[in-house]
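Architecture at a glance
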Amino acid sequence: MTIEQLNLALLAGPAVLLAAVAAVRLSVGTGFPSLLLYLALGLIIGEGGFGLEFENAELTSVLGYAALVLILAEGGLTTKWKTIRPSVAPAALLATVGTTVSVAVAGAAAHYILSLEWPLALLLGAAISSTDAAAVFSVLRRVPLPPRLVGMLEAESGFNDAPVVIIVIALTEVAHGGESHGIAYLLYEAVFELVVGTGIGLGIGWLAAIALRRVALPSSGLYPIAVFAFAIGSYGAAATIHASGFIAVYLCSLVIGNSRLPHGVAVRGFAEGLGWIAQIGLFVLLGLLASPERLPAAVGPAFLIGLVLLLVARPLSVAASVSWFRVSLRDQAFLSWAGLRGAVPVVLATVPVAQGVENASQLFDIVFCLVLIFTLVQAPTLPWVARRLGLSDDSPTVGLEVESVPLGAQGADVLEAHVGPESRLHGVEIFELRLPAGANVTLILRDGEAIVPDNRTALRHGDDLIVVTPASARSATEDRLKAISLGGKLSGWHDKREGEGRTARPRVAAGSVRPSVPPEVPGVTSSGAVRALAHRFRPGARRPGPDARRRQ
């Protein structure tokens, strides 16, 4: 690549990204799936639009795998374990037993309806049987649903890539004329890859959580880099020994994301940014690879196979997987409708194309059109389907964002808490927080002004709180703030008290100009905390005067 070509790429690349960002804004406002807009953007740039020719299926497959790694890492980091914990067992069955049922039913339909040879028909069934993590994470998190359903769908989308990849690779070898292994051997391979990948992902995630909690890095920007190094490294470690890298990266990220690490908000923001870039780049690339001239001929077959998948294969796979867990018929109906397809099926369809399997381009076109048609049908109608089935969840949200910043060797953490518009912290006075011993609200940032509170200062929506706490009490302090934010000032009043049987009232630096930390808190020095806070709020805190007190 020459400098001139680099300059052109640096001009065109940001233009595509900005167009994709505008597409996201449009999708949020209209409910139109953003992934379809990305695919359309790729088609416009490609040979049917601006004339950019791109036919490298092997490169697309490789870059698609890389994008899926980032998408699964982002999904794991932003998934709450408490949400998916009750749903792990049914989701695991959906990702394995359910996927096998979908492959068999969709493959049989492709063989008998489209007259495809069995290897290619089963390849088609395997490619379209995987729900897409990017589609599920981006769509479902905007639909108010019961936590068990959300957890089941999110966990399934994170788990099922691994078994589907195993099936697609095995069937590609058969379709390409390679050696055909028996069912017992394929089952052994699948169990080995999933079990070893699970162990590697959980192990590296656990080690990463311990290391990142104990090592205070000099810059907050290093934490997201370290997190992704561990997550992507787990994929590489598993894939190198022929285990499932996809299950490893998802589980590693899930462990790290639920480990209460420092700068958690910054890590999640970085992960979401990388996830968006991966989604945008992947869908645009897939749009470039597609040939607009061939797509019309694939619309009819895609529609027929999609109907079988949506109305027969998916409901059967759901019934075979979750009926054992007393999942109601209404929940099963929604799970059947919410099996969203996205980039994963199209990426998997590039595998036989890259290997030179006969008629693989026909398979790719069918999968591409199926994803377009049924994403357009399913994604915008999910809220309506949830309401019709009586599954909308109107339960209150916490309305509080908490981020922790370590104070290095001083054995303390600074918690930054933002009081959201739905938080019930509004109107609660400082002394009513009843934080653990040693935890102190040292500063409130309100309307651009830094205020040192006293015990009678009332919190407001939009406040940013700075709370200094011993590292050992950080989790209890976070839990207490979130409990009041969700349930109000009386939340936990009758809970069993911890430690020595008492809950200390938070001390507040009421008479000082700068926020301070009580000298009797173990491991916390006043000067260290003051330096950290003064660095973050350069204008400095001021003691509230009469006007400020009236505003409180």
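The structure under discussion appears in the preceding block.
Note that this is a predicted model, so its numbers are computed, not measured.

A separate point is the overall build of the protein chain. Secondary structure summary: the protein chain contains 21 helices and five strands in total. Across the 552 residues that make up the protein chain, the buried fraction comes to 50%. Taking the intrachain contacts of the protein chain between residues at least 6 apart in sequence as the baseline, contacts between residues at least 24 apart amount to 79%. Here the protein chain displays about 25000 Å² of accessible surface, and carbon together with sulfur accounts for 62% of that area.

Moving on, we get to the pairing of strand β5 (residues 464–470). Of all seven residues making up β5, six are buried, and the element is well covered by its neighbours. Pairing geometry for strand β2 (residues 412–419) and β5, over seven bridges, is antiparallel. Along β5, the bridge assignment pairs V414 with V468.

This part covers unusual backbone geometry. Although it is not a glycine, N359 sits at a positive phi angle of roughly 65°. Tracing the sequence through the fold places N359 in the loop between α16 (343–354) and α17 (360–378). By relative accessible area, which is 43% here, N359 ends up partly exposed. At R434, a position not held by glycine, the phi torsion is positive, near 50°. Looking at the secondary structure, you find R434 in the loop between β2 and β3 (440–446).

A word on the packing of helix α10 (residues 183–214) against helix α11 (residues 222–240). Geometry of a packed helix pair, given as the angle between the helix axes and the separation of the axes. The contact between α10 and α11 brings their axes to 9 Å, and the two run at 160°. It follows that α10 is roughly antiparallel to α11 by the angle criterion. Classified by chirality, the crossing of α11 by α10 is right-handed. Here α10 contributes G197, I200, I204, A208 and L212 to the contact with α11, which in turn contributes Y223, A226, V227, F230, G233, S234, A237 and A238. Per-class residue counts for the contact of α10 with α11 are ten nonpolar, three polar and no charged.

Looking now at the environment of E429. Among the secondary structure elements, E429 is positioned in the loop between β2 and β3. The spacing of E429 and T457 is 28 residues in sequence and 5.3 Å in space, taken between C-alpha atoms. For E429, the contacting residues outside a window of four places in its chain are N455, R456, T457 and A458. At a separation of 3.0 Å, a polar atom in the side chain of E429 contacts the side chain of R456.

A word on the side chain of S87. Among the secondary structure elements, S87 is positioned in the loop between α4 (81–84) and α5 (88–114). With a relative accessible area of 0%, S87 lands in the buried category. If we skip the residues at most four places from it in the chain, S87 touches R148, G151 and M152.

In this model helix α3 (residues 57–78) runs 31 Å from its N-terminal to its C-terminal C-alpha over 22 residues, within 8% of the 32 Å that 1.5 Å per residue would give. Within α3, 16 of the 22 residues are buried, which leaves the element mostly enclosed by the surrounding structure. Where α3 begins, the capping side chain belongs to N56, and its oxygen is found 3.3 Å from the backbone nitrogen of E58.

We now examine the packing of aromatic side chains. Considering all chains together, one arrives at nine aromatic pairs under this definition. When the ring of F159 is compared with that of Y250, the centres are 5.8 Å apart and the planes differ by 90°; the resulting orientation is edge-to-face. Residue F159 is located in helix α8 (residues 147–159), and its partner Y250 is located in helix α12 (residues 245–257); the two are separated by 91 residues in the primary sequence. Owing to a relative accessible area of 11%, F159 belongs among the buried residues under this scheme.

Next up on the list: empty space enclosed by the protein. Evaluation of the coordinates by the stated rule reveals three cavities of 30 Å³ or more. There is about 80 Å³ of room inside the largest cavity. Considering the residues around the largest cavity, the lining is formed by G306, L309, L310, R314, S336, G339, R341, L370, V371, F374, T375 and Q378. Those elements that place two or more of their residues in the lining of the largest cavity are α14 (295–322) and α17. The element contributing the most residues to the lining of the largest cavity is α17, with five residues.

In this section: the environment of A297. Looking at the element boundaries, A297 is found in helix α14. Taking the relative accessible area as the measure of exposure, A297 reaches 65% and is therefore exposed. For the pair A297 and I366, spaced 69 residues apart in sequence, the C-alpha separation works out to 8.8 Å.

Right, let's talk about the nonpolar core for a bit. Ranked by internal contacts, the top residues of the largest apolar core, which has 123 residues, are L124, F334 and V367. Looking at which element gives the most residues to this core, the answer is helix α13 (residues 264–289), with eleven residues. Apart from residues no more than four positions distant in its own chain, L124 is found in contact with A110, L114, L116, I305, L363, I366 and V367. One finds V428, L435, I444 and I484 within the second-largest nonpolar core, a separate group that totals 16 residues.

With that settled, the discussion passes to helix α15 (residues 329–337). Among the residues making up α15, those that are buried are D331, Q332, F334, L335 and S336. Those residues of α15 hidden inside the fold are in contact with α8, α14 and α18 (382–388).

Nonpolar side chains collect at one region of the surface, where Y112, I113, W118, F303, L304, L307, L311, V312 and L316 lie side by side and expose about 850 Å² of accessible area between them. Mapped by element, the contributors of at least two residues to the nonpolar patch are α5 and α14. With six residues, α14 is the largest single contributor of residues to the nonpolar patch. As for its position among the elements, V312 is in helix α14.

Attention now goes to the packing of helix α6 (residues 118–127) against helix α9 (residues 161–175). Running from N to C, α6 and α9 point in directions that differ by 160°, and their axes come no closer than 9 Å. It follows from the interaxial angle that α6 and α9 lie roughly antiparallel. α6 and α9 meet at a crossing whose hand is left-handed. Contacts between α6 and α9 involve P119, L122, L123, A126 and A127 from the former and V164, I167, V168, L171, T172, V174 and A175 from the latter. Looking at the contact of α6 with α9 residue by residue, the classes come out as eleven nonpolar, one polar and no charged.

Parameters and conventions
Residues numbered from 1 in each chain as written. Predicted model: local features only at pLDDT ≥ 70, side-chain atom pairs only at ≥ 80, totals over all residues. Heavy atoms only, no water. Helix = DSSP H or I, 4+ residues; strand = E, 2+ residues; numbered from the N terminus. Buried < 20%, exposed > 50% of the residue type's maximum accessible area, 1.4 Å probe, protein only. Contact = heavy atoms within 4.5 Å. Areas by Shrake-Rupley, 256 points an atom, 1.4 Å probe, with all protein chains shown as cover. Pairing = 2+ DSSP bridges. Axes fitted to C-alpha atoms, helices over the stretch in contact; angles between N-to-C directions. Parallel < 35°, antiparallel > 145°, perpendicular 65-115°, else oblique. Left-handed = near helix turned anticlockwise from the far one by under 90°. Nonpolar A, V, L, I, M, F, W, Y, C, P; charged D, E, K, R; others polar. Polar contact = N/O pair within 3.5 Å; in protein donor to acceptor, adjacent residues only side chain to side chain. Expected span 1.5 Å × (residues − 1). Phe/Tyr/Trp six-rings, centres within 6.5 Å; stacked < 30°, edge-to-face > 60°. 1 Å grid on protein atoms, 1.4 Å probe; cavity = no way out; pocket = protein on both sides within 12 Å on 5 of 7 lines; lining within 4 Å. Points joined across faces, edges and corners; volume = space filled by probe spheres on them. Core = buried A, V, L, I, M, F, W, Y, C linked by side-chain atoms within 4.5 Å. Patch = residues over 30% accessible without salt bridge, like charges linked within 9 Å, V, L, I, M, F, W, Y side chains within 5 Å. Salt bridge = Lys/Arg side-chain N within 4 Å of Asp/Glu carboxyl O.

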